[in-house]
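Working through the structure, step by step
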Amino acid sequence: MTPGASDQNRTDLDSYYMLQALDAAYLAEENGDVPIGCVIVHNGRVIARAYNQREQLQDPTAHAEIIALTQASAALGSWRLLGCTMYVTLEPCSMCAGALVLARIDRLVFACRDPKTGACGSLYNIVQDDRLNHRIETESGILSENCSAQLKKFFRKKR
């Protein structure tokens, strides 16, 4: 395999799973919530798929990432999500970033940065803070145009 081939394969896989997260985000939008979707992958298999449900459940913690973490923990029978990658359409907030660290997620891939509440590099970088006991490999920008367009469209309709 050529040196760049593995990087290309990883980018292709990241795009593939991000498309699935984007599909989940449409379900959030259909239910009147901010269109954020998330999938968690373990050993090449999707073990969790979720979307924002704050409006639907009237629960401020019902972010796509939190719901997906619960599903993944149930699928693996463990709260330690070692070997897992999370794909999410928007940079996680501080609550979700903290939960990712506690769950020991190995890798986080998100599409769009969130300059107002992002806690994975924008406002804070909780997932790579050396003071914590776990750090998460992070990749951003995968399908960011698609995810950004969906969010902008949603907020234009709301206003």
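Preceding block: the structure.
These notes cover the structure that comes with them. (Residues numbered from 1 in each chain as written. Predicted model: local features only at pLDDT ≥ 70, side-chain atom pairs only at ≥ 80, totals over all residues. Heavy atoms only, no water.)

Moving on: the overall build of the protein. Secondary structure summary: the protein contains five helices and five strands in total. Listed N to C, the secondary structure of the protein is α-β-β-α-α-β-α-β-β-α in terms of helices and strands. The globule rule puts the C-alpha radius of gyration for 159 residues at 15 Å, and the 15 Å found for the protein is close to it. Viewed in the frame of its principal axes, the protein has a C-alpha envelope of about 50 × 35 × 30 Å. Here the protein, with 159 residues, has 47% of them falling under the buried criterion. Once local pairs closer than 6 in sequence are excluded, the contacts in the protein between residues at least 24 apart make up 57%. Averaging the locations of the 17 positively and 18 negatively charged side chains of the protein gives two centres separated by 3 Å. (Helix = DSSP H or I, 4+ residues; strand = E, 2+ residues; numbered from the N terminus. Rg over C-alpha atoms; globule rule 2.2 N^0.38 Å. Buried < 20%, exposed > 50% of the residue type's maximum accessible area, 1.4 Å probe, protein only. Contact = heavy atoms within 4.5 Å. Lys, Arg positive; Asp, Glu negative; His and termini not counted. Charge placed at Lys NZ, Arg CZ, Asp CG, Glu CD.)

The next point concerns unusual backbone geometry. Residue Asn43 is not a glycine yet carries a positive backbone phi of 50°. Structurally, the position occupied by Asn43 is in the loop between β1 (37-42) and β2 (45-51). Here Asn43 falls in the exposed class, since its relative accessible area comes to 70%.

All right, on to the environment of Pro115 then. Looking at the element boundaries, Pro115 is found in the loop between β4 (107-112) and β5 (137-140). A relative accessible area of 61% places Pro115 in the exposed class. Put simply, Pro115 and Glu91 are 24 residues apart on the chain and 9.0 Å apart in space, counted from C-alpha to C-alpha.

This paragraph deals with the layout of surface pockets. In this structure, the largest pocket occupies an estimated 550 Å³ of space. As for the largest pocket, its lining consists of 22 residues, and the residues nearest its centre are Val34, Leu90, Asp114, Thr117 and Phe155. Looking at the lining of the largest pocket, its residues break down into 10 nonpolar, four polar and eight charged. (1 Å grid on protein atoms, 1.4 Å probe; cavity = no way out; pocket = protein on both sides within 12 Å on 5 of 7 lines; lining within 4 Å. Points joined across faces, edges and corners; volume = space filled by probe spheres on them. Nonpolar A, V, L, I, M, F, W, Y, C, P; charged D, E, K, R; others polar.)

Turning our eyes to something else, we now look at helix α4 (residues 94-103). Count 3.6 residues to each turn of an α-helix, and residues three or four apart come out pointing the same way. Inspection of α4 places Cys96, Ala97, Ala99, Leu100, Val101 and Ala103 among the buried residues, and these make up the whole buried set. On the buried face of α4, the contacting elements are α3 (64-76), β3 (84-90) and β4. Arg104 sits one or two residues past α4 and shows a positive phi near 65°.

Turning next to the pairing of β4. Within β4, six of the six residues are buried, which leaves it mostly tucked inside the rest of the structure. Bridging between β3 and β4 involves five bridges; their strand directions are parallel. Counterpart to Val88 in the pairing with β4 is Phe110. This β-α-β element, β3 to α4 to β4, shows right-handed connectivity. (Pairing = 2+ DSSP bridges. Right-handed = clockwise from strand over helix to strand, strands pointing away.)

Ordered by their spatial adjacency, five strands build an open sheet running β2-β1-β3-β4-β5, and the pairing between neighbours is mixed. The outermost strands of the open sheet, each flanked by one partner alone, are β2 and β5. With direction set aside, neighbouring strand axes in the sheet form an average angle of 15°. Sitting on the sheet, helix α5 (residues 144-158) is in contact with β3 and β4, with an inclination near 60° to β4. (Axes fitted to C-alpha atoms, helices over the stretch in contact; angles between N-to-C directions.)

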